Amino acid sequence: MLVDLGIPWVILGHSERRLLLKESNEFVAEKVAYALSQGLKVIVCIGETLEQRESGQALIVVAEQLKAISGKVSDWGNIVLAYEPVWAIGTGKVATPAQAQEVHADLRKWLKSHINPKVAETVRIIYGGSVTSANCIELAGQPDVDGFLVGGASLKPEFIDILKASLVKK
């Protein structure tokens, strides 16, 4: 349907679908592969719950999500990874810039060692956990944060400040 409507992008793996519809890592990976086979570009959401973060499992959880996708994908050119700590989506809580950078850097490290260095360098990894005008500049300044996936804040006038944060690295 998206292809028929001329919509080039799809977001897959969002936390609500993983939680409410019980979409497993493997099912998300199959959806990613299918979307790519249909000519769509894919934003794949990955992230951990607060319980997983507090128990020290955050990096393991996102690596498992990435591993499932890597088993189904050979061309990473039309994939964007969106790190969305589940505990920060719509809660007003946000990962600190250091926390976001840690996960983004670890994702790149994983891509480098399990896929190849070129993919690790070129895949965009965006942050999507309660981005606001108050935190966007510091988040955008992190070396491995390539942009944002913005939800509710995109409906507010302050969204223009988030858009301007993209100029931080230029």
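Residues numbered from 1 in each chain as written. Predicted model: local features only at pLDDT ≥ 70, side-chain atom pairs only at ≥ 80, totals over all residues. Heavy atoms only, no water.

Describing the pattern of salt bridges
- Applying the stated rule across the entire model yields five salt bridges.
- The salt bridge involving Glu23 is made with Arg17; its shortest N-O contact spans 2.8 Å.
- By relative accessible area, which is 6% here, Glu23 ends up buried.
- For Arg17, a relative accessible area of 38% puts it in the partly exposed group.
- In this structure, Lys31 engages Glu23 in a salt bridge whose closest nitrogen and oxygen atoms are separated by 3.0 Å.
- When salt bridges with common partners are traced through the structure, they connect Arg17, Glu23 and Lys31 into a single cluster. (Salt bridge = Lys/Arg side-chain N within 4 Å of Asp/Glu carboxyl O. Buried < 20%, exposed > 50% of the residue type's maximum accessible area, 1.4 Å probe, protein only.)

Side note on the sheet that holds strand β1 (residues 9-12)
- Read from one edge to the other, the open sheet built from four strands follows the order β1-β2-β3-β4, with strand pairing classed as parallel. Edge positions in the open sheet fall to β1 and β4 (124-127), since each of these has one partner strand only. The mean inter-strand angle of the sheet, taken between neighbouring strand axes irrespective of direction, is 25°.
- For strand β3 (residues 79-83) and β4, the ladder comprises four bridges, and the chain directions are parallel. (Pairing = 2+ DSSP bridges. Helix = DSSP H or I, 4+ residues; strand = E, 2+ residues; numbered from the N terminus. Axes fitted to C-alpha atoms, helices over the stretch in contact; angles between N-to-C directions.)

Quick look at the packing of aromatic side chains
- Taken as a whole and judged by the stated rule, the model has one aromatic pair.
- Relative to Tyr127, the ring of Tyr83 lies with its centre 6.0 Å away and its plane at 55°, an arrangement referred to as tilted. Of this pair, Tyr83 sits in strand β3 while Tyr127 sits in strand β4, and the two are 44 residues apart along the sequence.
- For Tyr83, a relative accessible area of 0% gives the class buried.
- Judged by relative accessible area, which is 0%, Tyr127 ranks as buried. (Phe/Tyr/Trp six-rings, centres within 6.5 Å; stacked < 30°, edge-to-face > 60°.)

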